[in-house]
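Here's the letter readout for the chains.
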Amino acid sequence: SDIQGATNKLTFTIKPSASLAVAQKVTISNLKATQTTDNTQLAVGGAASAAFTATGAWIQNTGTLTLTLSQVLSSVVDNVITIDVTNSAAAQPAALVPNIEASGGSFSIAQAAMSTAILKAALTGAPSWTTSTNSEGTGAMLTQSAANTLTFVFKPSTAQTAGDQITISGLTGSQTPDNTALAVTGAQSGLFSSAGAWTQATGTLVLTVASSQTVPTGSDSTV
């Protein structure tokens, strides 16, 4: 995730030139500018997590993750591990390239830069709406007590995925009563299962992104 303050899953794929033995340590550093506090047992995921007993020692200030091997780490296949951190809430000058090294045992591997700069939340800034317009019906639809079709066109700067909610508020003054499944039409209504939760008193419509759907960043969505 490149959203400031959001949970960010970092993925590391590593393969040493020679297998690493039990009790050797793999250290990944320069993961600075997160809000994840010190943790001697930070959860580690990924296919190779069992090789490190699924935990690592994390130091926030230096952005250092130290992993101690409980199994041999293969030099034949790629070993994938993941950790979850909380992105910085403030701007940072640039994305960071992690370093990796191995120590202990009969040999060590010198520190080297990894392939990709990460933790770049502050480079894109907080999410925003690239498009956000609205309109209503014309003619007879504008008379008192008439049915009125409201149209909303929006495009987020960050994709909204299944379970995310988009809230449109300030639509007060209508006679439409509360409805947990108010019919939603329009070209992209299927993104929200063609329904939204409506609250009359506050004039609020909550649209929940449906399972397996995504509100895109590359095109407008109309409901």
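Please refer to the structure higher up on the page.
Residues numbered from 1 in each chain as written. Predicted model: local features only at pLDDT ≥ 70, side-chain atom pairs only at ≥ 80, totals over all residues. Heavy atoms only, no water.

**So, the pattern of salt bridges**
Move 1: For the structure on display, the rule yields 1 salt bridge.
Move 2: Notably, a salt bridge pairs Lys9 with Asp84, separated by 3.0 Å at the nearest N-O pair. Highlighted residues: Lys9 in strand β1 (residues 7-14) and Asp84 in strand β6 (residues 79-86), separated in sequence by 75 residues. (Salt bridge = Lys/Arg side-chain N within 4 Å of Asp/Glu carboxyl O. Helix = DSSP H or I, 4+ residues; strand = E, 2+ residues; numbered from the N terminus.)

**A closer look at the sheet that holds strand β5 (residues 64-68)**
Neighbouring strands of a sheet are bound in pairs by backbone hydrogen bonds; such pairs are parallel or else antiparallel.
Move 1: With respect to topology, 6 strands assemble into an open sheet ordered β3-β4-β5-β2-β7-β8, the strand pairing being antiparallel. Taken across any chain shown, the strands that pair with only one partner, and hence form the sheet edges, are β3 (39-43) and β8 (109-113). Strand-to-strand twist of the sheet, defined as the mean angle between neighbouring strand axes without regard to direction, takes the value 25°.
Move 2: One ladder, built from 5 bridges, connects strand β2 (residues 25-29) with strand β7 (residues 99-103); its direction is antiparallel. Looking at the pairing, Thr27 lines up with Glu101 of β7. (Pairing = 2+ DSSP bridges. Axes fitted to C-alpha atoms, helices over the stretch in contact; angles between N-to-C directions.)

**Side note on the environment of Ile109**
Move 1: With respect to the secondary-structure elements, Ile109 resides in strand β8.
Move 2: Taking the C-alpha atoms as reference points, Ile109 and Leu20, 89 residues apart in sequence, are found 9.7 Å from one another.
Move 3: Setting aside chain neighbours within four positions, we find Ile109 in contact with Pro16, Leu20, Glu101 and Ala102. (Contact = heavy atoms within 4.5 Å.)

**Re the environment of Ser132**
Move 1: Within the secondary structure layout, Ser132 lies in strand β9 (residues 129-135).
Move 2: Along the backbone, Ser132 and Asp220 are 88 residues apart, and their C-alpha atoms lie at a distance of 8.9 Å.
Move 3: In this view, Ser132 contacts Val153 and Phe154; residues no more than four positions away in its chain are not counted.

**Topic: the nonpolar core**
Move 1: Within the largest apolar cluster, 25 residues are counted, with the highest numbers of intra-cluster contacts made by Leu10, Phe12, Leu31, Phe52, Ile81 and Ile83.
Move 2: Listed by contribution, the elements that provide at least two residues to this core are β1, β2, β5, β6 and β7.
Move 3: With residues up to four places along the chain from it excluded, the contact list for Leu31 reads Leu10, Phe12, Trp58, Thr62, Gly63, Ile83, Pro98, Ile118 and Leu119. (Core = buried A, V, L, I, M, F, W, Y, C linked by side-chain atoms within 4.5 Å. Buried < 20%, exposed > 50% of the residue type's maximum accessible area, 1.4 Å probe, protein only.)

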